[in-house]
Each structure stands twice: as C-alpha cells, then as structure tokens.
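# A look at the structure
Here's the letter readout for the chains.
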Amino acid sequence: MIIAGLIFEGWELQDLQSPLSILAKAASKSSKDVEVCIVGETKDPKETTAHLPVIPKYSFTDCPQIDVLLIPGGAGTFIEVFNPKILDFIKRQSMKTTFIASICTGSSLLAKVGLLDDKKATTNKMLFQQQCQYGPKTDWVWNARWVQEGNIITASGVSAGTDMGFDLARKVFDNQIVDELEKDLCYSPLSSSDDPYSELHSRHMTFFQSLYWKFLETFASYVFPTIINAAGSSRSLIFKKSKSFSVVLNNSFDSLDVAGVLESMQSLVDVYQTKLISMSDELVVSGGDSNGSINDIISVKCDIRLKNSNFCEDSQYIFFPSISPQQFNLIDASTLKDLLESLNAREDVKVLMCGDVWIKKITSFLGWNAEFNSQGWANQKQWFIAKCGLSSISASLAIIHESEGEKYVKTVATTMELDTRLLPNGIKLSKIVQSVPVPVGEGAAIAQTVLGVAGGIASASGEAAGDGGIGKSVGEILGGVSGAVGAKGDIAGTAGQVVNITKGIIDLVKAAKARKAAKKAAKEAALNAKETEVNNAGVSPIANQQKIAVGEIAVEDTENENQVAGNENQMVENGNEVVENENEATEN
C-alpha cells in the first residue's frame with residue numbers, strides 16, 4: 001500500500017503533515033506493508049508557508065499508483081489551480097485510488113478537475129465563499145469538520161485535517177490501532193459534524209473582501225511567492241525582522257511535532273525569522289514517526305548545520321522535536337552538554353523540547369521533577385517540555401501567549417481552525433466579524449500599499465500588451481480605491497463608490513476589447529490585400545519569403561491579442577462576479 005502526500009510550492013505544512021504523520025504512526029503499529037511518501041511535480045524542494053522545504057521522493061513522471069492520496073491547501077493553491085500538470089496528475093491518480101482527501105484550500109484542486117461535481121464537500125471556513133467558486137456543481141457543506149462521499153474526503157481548514165486523519169486511519173487500518181494512537185498522542189479527535197469555526201466565521205464575504213480576493217487571484221503569481229517565502233526571510237515586507245525562531249532537526253525527527261509547532265508560528269512571520277538547523281552531518285535530514293519504523297517520510301533541506309553551542313544565540317524561541325533514541329545517542333555528548341548549559345544561562349530565550357528522549361535529558365540535566373498539566377506539557381523558567389506533537393501545539397501557544405500576547409494566539413487559532421481545547425487556559429474565541437481583509441487605521445496603509453502595487457502591475461501589464469491606456473486607467477482606479485480606504489477609514493461608506501468603480505473597470509475592459517477587435521480586423525484586411533497584390537503581380541523567391549514573414553508576424557500578433565483578450569474576459573467575469581456578490585450581500 002502506498003500512502004502519499006502531494007506537495008507544491010506554497011503548500012500548508014499542517015494541512016498535509018498532520019494527517020500523513022498520523023497515518024504513518026498507524027502504519028508503524030500495523031502488520032501491513034505500507035510505504036508513506038511525498039510526491040511533487042519535480043524532485044526539487046517545495047517550500048511551505050511555514051518554512052520547511054521538503055524534497056519529494058517521487059515526481060509526476062515516476063510516481064507509482066497511489067492508494068491513499070492527501071492534497072493540502074496553502075497559498076500555493078491559488079497558483080496551482082491553473083497548473084495543468086498537477087490537475088492531470090490528480091485526475092489520473094484518482095481513477096484507482098482507494099481514498100483521495102483534500103485539506104483546507106486543497107479542495108479547489110479536486111473541484112477544478114471535476115472530482116467534486118454533484119458531491120458534498122467542505123473547505124476552509126475563512127475562505128469558504130471564495131473556494132466555492134471552483135466547484136459550481138458541488139454541494140458545499142458549511143457546518144462540517146470534514147465530509148466524505150464515496151472515496152473522496154474533504155476537510156475544513158488546516159487542523160481539521162488532523163481530526164480527519166484519525167478517521168481515515170480507522171478506515172485504512174483498524175480501530176484498535178487508532179484507539180492506541182489517540183492515547184499515545186493525548187488527543188480525542190473532533191467528529192465530522194463538530195466544527196466550531198462554522199459558528200465563529202461568517203459564511204459570506206463582504207464586498208470588499210470579494211474585491212480583495214479577486215485582485216489577489218488576478219495577481220497570484222506576483223503576490224503569493226512573497227507570502228510563501230515570508231517565514232524563512234530575514235525581512236518582513238518593509239522592515240528587518242527583530243527576532244528569530246530556530247528549529248533543531250536530526251534524522252528521525254517527529255514530523256507531527258514539527259507540523260504543529262511551525263504552523264503555530266504563522267501569525268508571527270512578520271516578527272520572527274524561522275531558521276532550520278541540522279544536527280546531522282548533512283543539511284538534508286529525514287523525519288516521520290520518531291517512535292516507530294516509518295521515520296523517513298519527509299526529507300527536509302535545512303538552512304545551516306549545528307557547529308557549536310552558539311548556533312542560536314540570536315534566537316528568542318528554540319524548538320527541539322522528538323527524535324528516536326538511536327539518533328539521540330549519535331549526538332556528540334560534549335556538544336550537547338555545552339548546548340544545554342548555554343541555553344540554561346540565558347533569560348531571554350524560550351526552549352521547547354518534545355518527546356520522551358528530550359524530556360528525560362533535560363529533566364535530568366536540571367534536576368527537574370516535572371509535573372505535566374492536562375494538556376500534556378510542563379514549564380520551568382525558560383524551559384518547556386511536551387509529551388507529543390499535539391501537546392506541543394498547546395505548549396507553543398503558551399510561549400506565544402507569554403511572549404507576544406493574547407491576540408497572536410487568537411490569530412493562530414482562527415487561521416489554523418484549531419481545536420479550542422488546545423488553547424491556553426482562559427482564552428476564549430468570539431465570533432469573527434467579517435468586515436475588510438485588513439483593519440482600519442494602520443491597516444488602511446497596508447490596503448493602500450497592496451492596491452498601489454496591484455495598480456502598478458496593471459499599468460505595466462497594459463503597457464506590455466501594447467495598450468498602456470487601459471493599464472493606466474485600471475491603475476488609477478485601484479489608486480482611487482486605496483485612497484478612499486485610506487481617507488475614509490469608513491469602509492461601509494465607500495461601498496457604493498467601489499461598485500461604480502468596478503463597473504467602470506468592466507466598461508474600460510469592454511472598450512479595450514472593441515478597439516483590439518477593430519485593430520485585428522484591420523490587420524487581417526491589410527494582410528489579405530497584400531497577398532492579393534503579390535499574387536497578381538508575380539513574385540521572386542526573395543519577395544515570397546518576405547510575404548511569408550509578414551504573414552507569420554501577423555499570426556503572432558493575432559495570437560498575442562487572443563491571449564490578452566482572454567485575460568480581459570477574465571477581468572470582466574471577475575468584475576461581474578464582484579458586483580453580483582455585492583448585490584447578494586445587499587439582498588441578505
């Protein structure tokens with residue numbers, strides 16, 4: 001049996017790695033012959049939004065038939081949904097898979113190839129309306145943690161894949177194995193109908209949110225690479241980051257630990273730079289089930305190798321995931337002693353260690369008689385220890401709460417659609433008011449920046465297509481929107497203006513299409529006239545070649561104009577949909 005996770009540039013780490021790790025842990029306990037692996041379009045490392053570049057074992061060209069295929073979401077889906085190679089791979093594999101499951105916005109890839117037509121499905125609740133557009137024939141279910149119809153399973157946002165993973169493990173293996181696994185991981189999964197985020201999020205986007213996402217979709221290839229690489233970058237969009245978060249990896253690291261903790265840092269990507277540090281002799285290390293036989297399901301390319309105890313003196317948060325006892329024994333004893341002593345001497349650092357091996361080492365080193373709380377973690381000064389992957393999420397959130405404040409914990413929880421039982425004590429989530437994609441005030445400046453960049457791209461695109469007029473006009477309109485947002489601060493008060501602006505964009509595009517159609521007709525008429533003149537007069541071989549060259553240029557121009565027209569058609573459709581969404585919101 002082959003269980004595989006599909007990755008691409010910008011995949012969401014916990015979407016895939018949590019359910020895949022759960023299946024790997026169940027496989028380790030099973031007598032079945034199971035291979036758990038990663039597949040990508042190529043075998044180049046594929047970066048996650050949390051900064052964990054993973055090297056696929058298989059590419060699309062050499063991948064065998066998969067029995068259980070998991071497809072994550074993430075920022076990359078906004079680009080991959082238009083990638084014919086990945087869509088073709090999913091469609092081919094789906095013909096013989098036993099199960100195929102998507103998590104979060106991975107549902108858009110299933111919907112795009114028609115696998116969700118006339119079926120029930122769910123998706124990320126924060127982006128529910130935006131995602132539903134990819135499956136117009138799908139019966140989208142709002143109140144569901146995950147949905148199964150036949151052999152196709154779709155899970156809600158991010159951590160919903162964890163709950164779905166336990167249920168899928170029961171179908172692939174057996175109940176006794178999964179009961180034991182739940183006990184090992186100190187977790188009781190939510191049921192398919194138990195979805196707290198369908199009550200916390202609003203099902204429908206506001207007009208401004210629809211407009212915001214339409215522009216992000218239009219300029220996805222420009223915007224999302226920056227988002228995808230944000231966690232590992234030393235700079236935010238504007239400033240140099242002031243803090244760093246170091247992840248210390250060795251072969252056989254626990255992939256479930258890493259998925260949960262790195263994902264919990266997502267709300268802090270503008271503040272912390274994530275650094276991956278290898279304790280191995282090589283930069284590439286493998287991880288999986290640290291306590292089982294399947295401990296090499298992912299291969300990760302680290303940033304640097306551990307050379308001495310000062311490797312993370314600039315880090316404020318350091319994470320050691322679980323590793324196997326065999327690999328731990330390979331660590332140089334003097335290096336490890338120096339490392340622990342240097343960290344213990346610092347008061348400006350938080351250190352999280354997971355799993356029995358690290359717990360025994362640090363409690364012995366500190367003479368610490370640790371008492372674990374109900375969430376499975378303990379704390380003494382700068383040291384935090386957690387029993388397993390899911391309890392490490394709670395410990396990580398406690399560190400974030402202590403260091404950065406409650407709002408960051410709430411942002412993590414709502415973005416990850418996290419089981420609220422994993423939150424620090426006393427933190428309660430309230431209904432999330434869907435108003436605008438960025439807050440008023442400081443957020444207005446961000447809105448102006450985003451729309452200004454979009455305007456610049458629109459202008460550049462227009463000039464490249466040979467029609468700087470429309471590009472400039474759209475750019476000015478986008479600038480007008482950003483000005484309204486920045487000046488007013490009152491989003492609701494500008495809604496009517498923006499509806500008219502959107503209609504203006506549609507009219508501009510239609511006018512541009514009419515002009516291009518006229519130019520195309522004129523060129524074709526001129527070319528026909530030239531051919532008639534040449535044929536009547538008789539031509540030399542050289543003149544005939546010139547005639548052919550003129551024809552090729554005209555054909556190429558026509559193809560370019562057809563492509564531009566296709567882009568303009570998409571803009572018209574997007575604009576019409578935005579207006580329709582606003583009308584629907586008004587009626588509601």
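The text that follows walks through the structure, step by step, so that each part is easy to find.

Here is what the cut-offs are and how they apply
Residues numbered from 1 in each chain as written. Predicted model: local features only at pLDDT ≥ 70, side-chain atom pairs only at ≥ 80, totals over all residues. Heavy atoms only, no water. Axes fitted to C-alpha atoms, helices over the stretch in contact; angles between N-to-C directions. Helix = DSSP H or I, 4+ residues; strand = E, 2+ residues; numbered from the N terminus. Parallel < 35°, antiparallel > 145°, perpendicular 65-115°, else oblique. Contact = heavy atoms within 4.5 Å. Nonpolar A, V, L, I, M, F, W, Y, C, P; charged D, E, K, R; others polar. Phe/Tyr/Trp six-rings, centres within 6.5 Å; stacked < 30°, edge-to-face > 60°. Buried < 20%, exposed > 50% of the residue type's maximum accessible area, 1.4 Å probe, protein only. Lys NZ or Arg CZ within 6 Å of the ring centre and 35° of its normal. Polar contact = N/O pair within 3.5 Å; in protein donor to acceptor, adjacent residues only side chain to side chain. Pairing = 2+ DSSP bridges. Salt bridge = Lys/Arg side-chain N within 4 Å of Asp/Glu carboxyl O.

## Considering the packing of helix 9 (residues 207–218) against helix 10 (residues 220–228)
Contact pair helix 9 / helix 10: the axes reach a minimum separation of 6 Å and the direction vectors enclose 95°. When the interaxial angle is binned, helix 9 and helix 10 end up roughly perpendicular. Within the contact between the two elements, helix 9 uses Trp213, Leu216, Glu217 and Thr218 and helix 10 uses Ala220, Val223 and Phe224. In terms of residue class, the contact of helix 9 with helix 10 is made up of five nonpolar, one polar and one charged.

## A word on the packing of helix 15 (residues 389–404) against helix 16 (residues 406–416)
Running from N to C, helix 15 and helix 16 point in directions that differ by 145°, and their axes come no closer than 7 Å. Only Glu406, Tyr408, Val409 and Val412 of helix 16 make contact with helix 15, whose side of the interface consists of Leu397, Ile400, His401 and Glu404. The residue makeup of the contact of helix 15 with helix 16, split by class, is five nonpolar, one polar and two charged.

## Regarding the packing of aromatic side chains
Under the counting rule described, the total for this entry stands at 12 aromatic pairs. Measuring from centroid to centroid gives 4.9 Å for Phe78 and Phe224, while their planes differ by 10°, and the two rings are stacked. Of this pair, Phe78 sits in helix 2 (residues 77–80) while Phe224 sits in helix 10, placing them 146 residues apart in sequence. For the pair Phe78 and Phe224, one class covers both residues: buried. Site record: aromatic cluster; members linked through ring pairs are Phe78, Tyr212, Trp213 and Phe224. Seen from the ring of Trp142, Lys125 lies directly overhead, with NZ or CZ sitting 6.0 Å from the centre. In this arrangement the basic side chain of Lys387 is found over the ring face of Phe372, its NZ or CZ atom lying 5.1 Å from the centre.

## Let's talk about the environment of Asp348
Inspection of the secondary structure assignment puts Asp348 in the loop between helix 13 (333–344) and strand 17 (350–354). Linking Asp348 and Gln316, residues 32 residues apart in sequence, is a C-alpha distance of 6.4 Å. Engagement of the side chain of Asp348 in a polar contact is seen with the side chain of Arg346, the distance being 3.0 Å.

## Observations regarding the sheet that holds strand 12 (residues 272–278)
Reading across the sheet, the seven strands line up as 15-12-10-16-17-19-18 and stay open at both edges, with mixed pairing between neighbours. A single partner strand is all that each edge strand has here, and the edge strands are strand 15 (304–305) and strand 18 (377–380). One ladder, built from four bridges, connects strand 16 (residues 317–320) with strand 17; its direction is parallel. Residue pairing in the sheet places Ile318 in a bridge with Val351 of strand 17. Its contacts with the sheet put helix 14 (residues 355–366) on strand 16, strand 17, strand 18 and strand 19 (383–386), and the angle it makes with strand 19 is roughly 145°.

## Some remarks on unusual backbone geometry
Positioned with a positive phi, Cys104 is a non-glycine residue whose angle comes to about 60°. Looking at the element boundaries, Cys104 is found in the loop between strand 5 (99–103) and helix 4 (107–112). We classify Cys104 as buried; its relative accessible area is 5%. One non-glycine residue with positive phi stands out, namely Lys381, at about 55°. As for its position among the elements, Lys381 is in the loop between strand 18 and strand 19. With a relative accessible area of 71%, Lys381 lands in the exposed category.

## Description of the pattern of salt bridges
Tallied over the full model, the rule gives 22 salt bridges. Across the pair Glu41 and Lys85 runs a salt bridge whose closest N-O atoms are separated by 3.8 Å. Placement of the pair is Glu41 in the loop between strand 2 (35–39) and strand 3 (54–55) and Lys85 in helix 3 (residues 84–94), with a sequence separation of 44 residues. For Glu41, a relative accessible area of 28% puts it in the partly exposed group. The shortest N-O distance in the salt bridge between Lys120 and Asp139 comes to 3.0 Å.

Read these as geometric descriptors, not functional statements.
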